[in-house]
Amino acid sequence: ATEVQWWHSMGGALGEWVNDLAKEFNASQTEYTIVPTFKGSYDESMTAAIAAFRSGNAPHILQVFEVGTATMMASKGAIVPVGKVMADAGEKFDAKAYVPAVAGYYTAPNGQMLSMPFNSSTPVFHYNKDAFKAAGMDPEKPPTTWPEVALAAGKLKAAGHKCPFTTSWISWTQLESFSAWHNTEFATKGNGMRGMDARLSFNTPLHVRHIENLANMAKTGLFVYKGRGNAADATFVSGECAMITGSSGLYGNVKRNSKFASGTSTLPYYPDAPGAPQNTVIGGASLWVMSGKKADEYKGVAKFFTYIGKPEVAAASHQRTGYLPVTLASFKLTDDSGYYKKNPGTDVAVNQMIRKTTDKSRGIRLGNFVQIRTIIDEELEGVWSGKTAPKAALDAAIKRGNEQLARFEKANKR
Ligand SMILES: O=P(O)(O)OC[C@H](O)CO
């Protein structure tokens with residue numbers, strides 16, 4: 001059979017899911033073999049693929065997080081648009097079959113959808129119901145606002161909890177989605193969706209207030225910073241931290257590996273902020289097809305994409321992982337089956353994403369975003385350790401981040 005290499009960043013329960021998808025597809029036919037390989041974190045697999053591409057050893061399929069989208073879109077010679085892969089292979093592909101927020105994010109300004117939607121997520125609030133009970137709180141009443149999160153964290157701490165609240169993907173949850181959720185721009189030009197001349201704008205009074213709030217919570221032990229990327233996920237799954245803002249895709253891992261009852265609720269907001277809550281932005285990753293491969297291999301890629309997009313396969317993926325249903329049919333199938341009613345909290349991510357979007361909340365797509373995220377991590381770490389004042393950290397992150405945006409704009413000017 002013809003081999004198709006697929007590099008991904010799905011660890012733990014998610015890695016098992018990816019392996020199962022490949023296994024099931026491989027068993028369904030005899031011509032192609034999908035070979036999934038875990039290549040480390042999203043950052044690491046992207047770096048590895050860029051190096052491999054330069055030496056002619058890129059995989060056929062690369063899973064890239066949303067943060068790498070603008071970079072991939074600009075790497076014209078390195079990728080093949082998913083629509084072309086499907087058309088060349090004679091596979092049916094209709095961008096309209098995908099949930100608008102998902103399809104729109106992976107569609108270039110010229111209207112062409114460039115990558116295959118796969119594991120789209122959005123940030124939500126997960127909490128440990130057992131810990132809530134132990135602290136004398138109603139486990140069915142999660143906090144929905146930031147003042148309520150601080151109150152709940154105080155009760156958890158008083159009950160002896162060492163890590164009341166933590167977060168994964170701090171820029172994504174506390175600045176990017178935080179902005180959209182409050183209908184405030186994270187960056188100008190519709191968060192970069194309207195052009196490469198966008199510049200960062202996350203130092204408004206609302207942003208400063210929020211980071212100050214988190215800094216105070218950190219000082220009093222209510223918020224415990226657990227590191228970059230999704231490092232904090234494991235501390236929630238183990239029960240060490242009782243509340244977390246993180247990916248909806250953490251659901252499957254919690255369900256499979258944690259020993260406590262958990263709940264999922266909406267991302268907290270400031271009730272006095274006008275426009276909140278609006279909607280949250282897309283995260284997770286999509287599948288990019290790399291250039292320079294044989295026609296037969298692309299055919300295998302196309303057949304695999306058709307397979308994972310089938311309503312029943314996409315619905316099963318959504319229900320197993322907590323990632324969003326990426327096609328309209330997979331959402332309908334899940335809804336009609338009564339799944340959301342039977343599994344409270346699993347509809348939170350969907351509901352946050354299907355709300356009406358505005359120019360300020362549609363999505364965030366910026367060049368050199370991988371580097372910008374690192375800059376934000378660095379500057380905010382100064383806040384959590386008490387070295388930098390919140391406003392100064394946000395200003396510095398914007399200044400340094402804007403240099404990255406200007407560099408990207410210059411390098412990609414036609
Ligand atoms: O944990 P994921 O896969 O939902 O990804 C979260 C963020 O979007 C990464 O940038």
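Definitions and limits used
- Residues numbered from 1 in each chain as written.
- Predicted model: local features only at pLDDT ≥ 70, side-chain atom pairs only at ≥ 80, totals over all residues.
- Near = placed C-beta within 6 Å.
- Helix = DSSP H or I, 4+ residues; strand = E, 2+ residues; numbered from the N terminus.
- Nonpolar A, V, L, I, M, F, W, Y, C, P; charged D, E, K, R; others polar.
- Domains from an automatic or database assignment.
- Pairing = 2+ DSSP bridges.
- Axes fitted to C-alpha atoms, helices over the stretch in contact; angles between N-to-C directions.
- Contact = placed C-beta atoms within 7 Å.
- Core = buried A, V, L, I, M, F, W, Y, C linked by C-beta atoms within 7 Å.
- Buried ≥ 20, exposed ≤ 12 C-beta atoms within 10 Å, placed from the backbone.

Student: Just to check I follow, could you spell out the site of the ligand for this structure?
Tutor: Neighbouring the ligand are 13 residues; S121, S247, G249, G283 and G284 lie closest to it. Going through the elements one at a time, β5 (116–121) and β10 (283–290) are the ones with two or more residues in the shell around the ligand. At 3 residues, the largest contribution of residues to the shell around the ligand is made by β10. The class makeup of the residues in the shell around the ligand is 5 nonpolar, 7 polar and 1 charged. Structurally, the shell around the ligand is a two-domain feature, drawing no fewer than three residues from each of domain 1 (2–121 + 283–309) and domain 2 (123–280 + 365–411).

Student: Looking at this structure, I do not really get the sheet that holds strand β8 (residues 241–247). What am I missing?
Tutor: Strand pairing within a sheet occurs via backbone hydrogen bonds; the two strands may be parallel or antiparallel. One open sheet accounts for 4 strands, arranged β7-β8-β6-β9; its pairing is mixed. Strands with a single pairing partner mark the edges of an open sheet, and in this sheet they are β7 (163–167) and β9 (262–265). When strand polarity is set aside, the average angle formed by the axes of neighbouring strands in this sheet is 20°. As paired strands, strand β6 (residues 123–128) and β9 are joined by 4 bridges and run antiparallel to one another. Paired with H126 across the two strands is T264, which belongs to β9. Where helix α7 (residues 146–158) meets the sheet, its contacts fall on β7 and β8, and the angle it forms with β7 comes to roughly 140°.

Student: Which parts of the structure should I look at to understand the nonpolar core?
Tutor: Soluble globular proteins tend to bury their nonpolar side chains together. If you look at the biggest cluster of nonpolar residues, it comprises 119 residues, and the most contacted ones within it are A153, C241, M243 and V301. The element best represented in this core is helix α13 (residues 295–309), accounting for 7 residues. Residue assignment places this core across two domains, with domain 1 (2–121 + 283–309) and domain 2 (123–280 + 365–411) each supplying three or more. Excluding anything up to four places from it in sequence, C241 contacts C163, F165, T166, V224, A232, T235 and F236.

Student: What's the story with the domain arrangement of the chain in this structure? I'm lost.
Tutor: By a frequent convention, interface size equals the accessible area lost on bringing the separate parts together. Examined at the domain level, the chain breaks down into domain 1 (2–121 + 283–309) and domain 2 (123–280 + 365–411). A C-alpha centroid distance of 28 Å is found between domain 1 and domain 2. Taken together, the contact between domain 1 and domain 2 spans 17 residues of the former and 17 residues of the latter. Of the residues assigned to the side of domain 1 that touches domain 2, the class counts are 7 nonpolar, 9 polar and 1 charged.

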